[in-house]
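So you can see what is in the structure, the chains are spelled out below.
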Amino acid sequence: MELDAGYDSGAQPPSEGHLVRADYTLEGGGNRIAAARHHAAAFLDRIRIEYGLPVSQRVRDLTELVVSELVTNAHKYALGPVLMQLRIGADGVDVVVWDSDPAVPVVRAADPGKVGHYGLEIIKKVAEKLFVEREPVGKRITARLALAEVPDPA
């Protein structure tokens, strides 16, 4: 399902053309969110140093934000480990998070009285693409972030 065009059951996330990929198992406990952010930062450093791809501070910050939001949701709603995969291609960084909860996240209407539960809305704003795939057990969410700087419309 591609969330940035409504729920489209025929949409498939990008999976080919990646230069580098890293897989992580994030065990239970509150440390998994910090560990996921650390893995993301180290992955992007490796991409910059070993492969010479430019990774701006903005891309790094947005990647860590998306990782944090996706892993936080998995931590809150799913039992067991969380799997995270980071992939980089010529035009983007993919953050992929799998968890065992089969419930597909829902983008909620704006509500000034609501506290929290804005993670998916935040990811939709900063990601080029956002996909949710149901798995035999749980779901897999993929967010694609552009490597190139996009001018701020403001």
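Throughout this document, residue positions are counted from 1 along each chain, in the order its sequence is written. Only residues with pLDDT of at least 70 get local features here, since the model is predicted, and only at 80 or more are side-chain atom pairs given and counted; chain-wide, interface and lining totals rely on the full set of residues. Excluding hydrogens and water, the side-chain values take into account all heavy atoms of the structure.

(A) Structural context of the pattern of salt bridges. Salt bridge criterion: a side-chain nitrogen from Lys or Arg within 4 Å of a carboxyl oxygen from Asp or Glu. Inspection of every chain in the model, using the stated rule, returns 10 salt bridges. Between Arg60 and Asp45 there is a salt bridge, and its shortest N-O distance comes to 2.4 Å. On the criterion of sequence distance, the pair formed by Arg60 in helix α2 (residues 57–77) and Asp45 in helix α1 (residues 31–51) is long-range, its members being 15 residues apart. We note a salt bridge from Arg46 to Glu50, for which the minimum N-O separation is 3.4 Å. Placement of both Arg46 and Glu50 in helix α1 is noted, with a separation of four residues, approximately one turn of the helix. Each residue is assigned to one of three classes by its accessible area relative to the maximum for its type, calculated with a 1.4 Å probe on protein chains only: buried under 20%, partly exposed between the two thresholds, exposed over 50%. The exposure class of Glu50 is exposed, given its relative accessible area of 54%. Each of Arg37, Asp45, Arg48, Arg60 and Glu64 takes part in salt bridges that share partners, so that together they form one network. The helix and strand labels rest on DSSP assignments: H or I over at least four residues marks a helix, E over at least two residues marks a strand, and numbering proceeds from the N terminus.

(B) View of the sheet that holds strand β4 (residues 129–134). Read across the open sheet, the five strands follow the order β1-β2-β3-β5-β4; overall the sheet is antiparallel. The strands lining the two open edges of the sheet, one partner per strand, are β1 (18–26) and β4. Taking each pair of neighbouring strands and ignoring which way they run, the sheet shows an average axis angle of 15 degrees. In this structure, β4 lies alongside strand β5 (residues 139–146), joined through six bridges in antiparallel fashion. DSSP calls a pair of strands paired once it identifies at least 2 bridges connecting them. Every angle, taken between N-to-C directions, lies between 0 and 180 degrees, and every axis is a line fitted to C-alpha atoms, over only the stretch in contact when it is a helix.

(C) Focus on α1. Helix span is expected to be 1.5 Å times the residue number reduced by one. In this model, α1 (21 residues) spans 29 Å end to end at C-alpha, consistent with the 30 Å of a helix rising 1.5 Å per residue. Within α1, burial applies to Arg32, Ile33, Ala36, Ala40, Ala41, Phe43, Leu44 and Ile47. Directly beyond the C-terminal end of α1, a positive phi value near 70 degrees is found at Gly52.

(D) Highlighting the environment of Glu64. Along the chain, the position of Glu64 falls in helix α2. For the pair formed by Glu64 and His38, sequence separation is 26 residues and the distance between their alpha carbons is 8.3 Å. When residues no more than four places from it in sequence are discounted, the contact partners of Glu64 are Arg37, Ala40 and Ala41. When checking whether two residues touch, look at their non-hydrogen atoms; a contact exists if any pair is within 4.5 Å.

(E) The nonpolar core, seen in detail. Nonpolar cores were defined as sets of buried Ala, Val, Leu, Ile, Met, Phe, Trp, Tyr and Cys residues, with membership established by side-chain atoms within 4.5 Å. Within the largest apolar cluster, 36 residues are counted, with the highest numbers of intra-cluster contacts made by Phe43, Val67, Val71, Met84, Leu86, Ile88 and Val97. Elements that contribute at least two residues to this core include exactly β1, α1, α2, β2 (82–89), β3 (92–99), α3 (119–126), β4 and β5. By residue number, the principal contributor to this core is α2, which donates seven residues.

(F) Geometry of the side chain of Thr63. When you line up the elements, Thr63 lands in helix α2. Pairs of N or O atoms within 3.5 Å make up the polar contacts considered here, provided that, within protein, one atom can donate a hydrogen while the other can accept it, and that residues adjacent in sequence are counted only when both atoms are side-chain atoms. Within the structure, Thr63 has its side chain in polar contact with the backbone oxygen of Val59 (distance 2.8 Å). Those residues in contact with Thr63, other than ones at most four positions away along the chain, are Ala40, Leu44, Val93, Val95 and Leu145.

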